[in-house]
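# Summary of the model geometry
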Amino acid sequence: MELTEYQRLNLLNQYKILRDLAKIRKDEYDIQYYNNLVKIVAEGYERDYELLTEEIDEEFSKEDCDFVWDTLEMYRAIHDSYYKIKKPTLSKSDIKFDGFDGNNEGRYYSLCRFILFDLKRYEEQTEDGRTDFNSHCRRCEKYRTMLSKWNSLGKSYELSEEEIKSLVL
């Protein structure tokens, strides 16, 4: 990474402000962390510029983001349709959204939690106080198959029990 003097000056000022805020909070870890970043930028230690971005993850593609949002939307359709069925033979656990594998699908898992808990969307998934959406096994392929079937059903929000079964079982 290369930085112009102007970019370095902007970063230097921002890191000094963050360091001073850490001093107000008496957060010794952050004080040292921002002191290091101030030094790197002020001295122009180009080899260490990568430390300036160590907290930034790689971008998560629009397609992958759409996949998580679409999965949650499909589960909303399943949930809402299920509760309109008079005497369902499926159980609530049959239609439960499992989440994503925290170890192998970590980015999906993180985005899912962000959508549910930070943005407070898809409240039906958390209405029973549920907070754990780590499936502890891979789910992406299952969800892709389900989404393909849901798409073939016209992304319906009025699913019959047989249609729900074709998605979840």
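Just so we're clear, the structure is a prediction, and the values are computed from it rather than from any experiment.

To continue, consider helix H5 (residues 140-152). With 13 residues, H5 ought to run about 18 Å at 1.5 Å a step, and its terminal C-alpha atoms sit 18 Å apart, in line with that. For H5, every residue scored as buried is listed here: Cys140, Tyr143, Met146, Leu147 and Trp150. Seen end-on, H5 carries its buried residues on one side only, within an arc spanning 120 degrees. Opposite the buried face of H5, by more than 90 degrees, sit the exposed residues Glu141 and Ser152. The elements touched by buried residues of H5 are helix H3 (62-82), helix H4 (106-118) and helix H6 (161-168). Just downstream of H5 lies Gly154, where phi reads positive at about 75 degrees.

Let us look at the pattern of salt bridges. Per the stated rule, a full pass over the model turns up 13 salt bridges. Asp30 serves as the salt-bridge partner of Arg25, at 2.7 Å between the closest nitrogen and oxygen. A salt bridge links Asp66 to Lys62; the nearest nitrogen and oxygen atoms lie 2.7 Å apart. Note that Asp66 and Lys62 are positioned in helix H3 at a spacing of four residues, about one turn of the helix. In this structure Lys62 comes out as exposed when scored by relative accessible area, which is 58%. By sharing partners, the salt bridges in this structure join Arg19, Asp20 and Lys23 into a single network.

Closest axis-to-axis distance for the H5/H6 pair is 8 Å, and the angle between their directions is 150 degrees. Our classification of the angle between H5 and H6 gives roughly antiparallel. Side by side, H5 and H6 meet where Met146, Lys149 and Trp150 of the first sit next to Ser166, Leu167 and Val168 of the second. Residue composition of the contact of H5 with H6, by class: four nonpolar, one polar and one charged.

Conventions adopted
Residues numbered from 1 in each chain as written. Predicted model: local features only at pLDDT ≥ 70, side-chain atom pairs only at ≥ 80, totals over all residues. Heavy atoms only, no water. Helix = DSSP H or I, 4+ residues; strand = E, 2+ residues; numbered from the N terminus. Expected span 1.5 Å × (residues − 1). Buried < 20%, exposed > 50% of the residue type's maximum accessible area, 1.4 Å probe, protein only. Arc of directions from axis to C-beta. Contact = heavy atoms within 4.5 Å. Salt bridge = Lys/Arg side-chain N within 4 Å of Asp/Glu carboxyl O. Axes fitted to C-alpha atoms, helices over the stretch in contact; angles between N-to-C directions. Parallel < 35°, antiparallel > 145°, perpendicular 65-115°, else oblique. Nonpolar A, V, L, I, M, F, W, Y, C, P; charged D, E, K, R; others polar.

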